[in-house]
Structure formats: structure tokens, C-alpha cells
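Chain residues, written in single-letter form:
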Amino acid sequence: MQAKLMTSFKRFSEAEFQTRVGLIISSLTGNARFPEPWPAPAVGSARLNDVFEAYRAAYNASVSRDVMRIGERQALREELTGMLQDLAPYLVFIAQGDDLALQSTGFELRHDPVPIDHSHPPAAPEGLRLQRGYATGDLDVRVTKVLGAASYEVQSTTGDPNDEAHWHQALISATCSHMVLHHLTPLQTHWVRVRGIGTAGYGHWSAPSSIVVL
């Protein structure tokens, strides 16, 4: 999916906003991928820098809680935000899907989520991790999240893991992390495997892993 520029700065503190906008201006000034002049309604880097410096001055003055300077700072922040939002569509258009070009703008990038194919069973989970729990006989099981999995089945065995008849269901979980098995026999080797469950059915099993439960 083609990357897009993030142009909402509401979540940024004043210090974070200064850092991000300063990076954008310095990154675009003289950037050969996006030569000036930029078409309207975008303004040039010089105008952006002028407003940015006025914002920084108002910010520094507002530290003393001068109500007038605080209002000026807020107005300049809104003006800067509007300027950057006007500029972003042009940058995306010129980049033509080139992520490296967009990265050179100083903006944060976001990608549209990849559609999940629900017509096939989930893939085998990766990153199976086993950790002894706090209580005797407890075992904490974790795997990496699997696309298309709505829940996870955990099976365990103390027998031969190569014999399917030895495996039994230990848990169905809605999450892939912190799946806790209780009341396992202490001082025995327990084998564990996990698979995702999606709309197309049961997925593939993870590679099994073993641990001695205390």
C-alpha cells in the first residue's frame, strides 16, 4: 500500500511539535525531490520558516504564562498546521509512491492496513515462548499475533510430541499473549503447540516447544 503523510499534530506536546515541524522545514529546504516554488495553496519553505520562528518566539515568551503570548502561540501553531496540511497532498503526488522520497520530507509516514485474506486458514504462529508461572504447575504461553486469527488453541502433552494421539487441548484463548495453563504436573517435561483459529477454520500448528514445569 502507498504510504501517506501524517498531518495531524494534535497529539504532540509543544516541544514535540517544535521538533517535528523543525525537522520538516529543514528536510524540505533545498530538497531536490521537491523543488520550489510549490504550487498554491502551499507556501514556500521561507514562509514556513518565518512562521515557525514566530511560533518559537511566542512559545518561549509564553513560558512565563503570559496569556496574550499563549494565545499567539496557539494561533501560530494552528497556522503552521494548516500550511503543512496544504503542502502534504502535493508532496504525496510528486513522490508517486516512492517511500524514500516521502521519508525525506520529515513528515511521519503511515500505511493503509493490508487487507486480511479470510478465505484461507491462519498461518502457523511464530515466536512460541514458554515461561514458568508464579504458581506451581502454571505455564505462561505466548506467540506472535497471526493475521486472520480471532482466537488461539493451545495443546500440550507429556508424551511423544511426534505422536498426534498424545496431544490434547489445554486452552482456547482470545489473545496470543499471556495464555496461562494451570495445574500441569510439576517436574515433568511438557510439550506445547499453538494454532490460530479464523473464519476459514483452524490454522497450522506452530513448531512445538518444551519446558520442565515446576
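Anything mentioned here points back to the structure above.
These remarks concern the structure in this document. (Residues numbered from 1 in each chain as written. Predicted model: local features only at pLDDT ≥ 70, side-chain atom pairs only at ≥ 80, totals over all residues. Heavy atoms only, no water.)

## As for the overall build of the protein chain
Item 1. Regarding its fold elements, the protein chain presents four helices and ten strands.
Item 2. Reading the secondary structure of the protein chain in the N-to-C direction produces β-α-α-α-α-β-β-β-β-β-β-β-β-β.
Item 3. In terms of overall size, the protein chain is more extended than a compact globule, its C-alpha atoms giving a radius of gyration of 27 Å where 214 residues would be expected to give roughly 17 Å.
Item 4. If you sum the accessible surface of the protein chain, you get close to 12,200 Å²; carbon and sulfur atoms cover 54% of it.
Item 5. Distance from the positive charge centre (18 side chains) to the negative charge centre (22 side chains) of the protein chain: 4 Å. (Helix = DSSP H or I, 4+ residues; strand = E, 2+ residues; numbered from the N terminus. Rg over C-alpha atoms; globule rule 2.2 N^0.38 Å. Areas by Shrake-Rupley, 256 points an atom, 1.4 Å probe, with all protein chains shown as cover. Lys, Arg positive; Asp, Glu negative; His and termini not counted. Charge placed at Lys NZ, Arg CZ, Asp CG, Glu CD.)

## Considering the pattern of salt bridges
Item 1. This structure, assessed with the given rule, holds nine salt bridges.
Item 2. Across the pair Glu-164 and Arg-193 runs a salt bridge whose closest N-O atoms are separated by 2.9 Å. Residue Glu-164 is found in the loop between strand E5 (151–157) and strand E6 (168–173), and its partner Arg-193 is found in strand E8 (residues 188–198); the two are separated by 29 residues along the sequence.
Item 3. Look at Arg-193 and you get buried, because its relative accessible area is 6%. (Salt bridge = Lys/Arg side-chain N within 4 Å of Asp/Glu carboxyl O. Buried < 20%, exposed > 50% of the residue type's maximum accessible area, 1.4 Å probe, protein only.)

## A word on the sheet that holds strand E7 (residues 179–181)
Item 1. With antiparallel pairing, three strands are arranged side by side in an open sheet as E3-E4-E7. Single-partner strands in this sheet number two, and they are strand E3 (129–132) and E7. Here the strands of the sheet are splayed against their neighbours by 25° on average, with no regard to which way each runs.
Item 2. In the sheet, E3 pairs with strand E4 (residues 139–142) via four bridges, with the strands oriented antiparallel. Along E4, the bridge assignment pairs Gln-131 with Asp-140. (Pairing = 2+ DSSP bridges. Axes fitted to C-alpha atoms, helices over the stretch in contact; angles between N-to-C directions.)

## A closer look at the environment of Gly-44
Item 1. Turning to its location among the elements, Gly-44 is positioned in the loop between helix H1 (14–28) and helix H2 (45–62).
Item 2. Along the backbone, Gly-44 and Ile-25 are 19 residues apart, and their C-alpha atoms lie at a distance of 9.8 Å.

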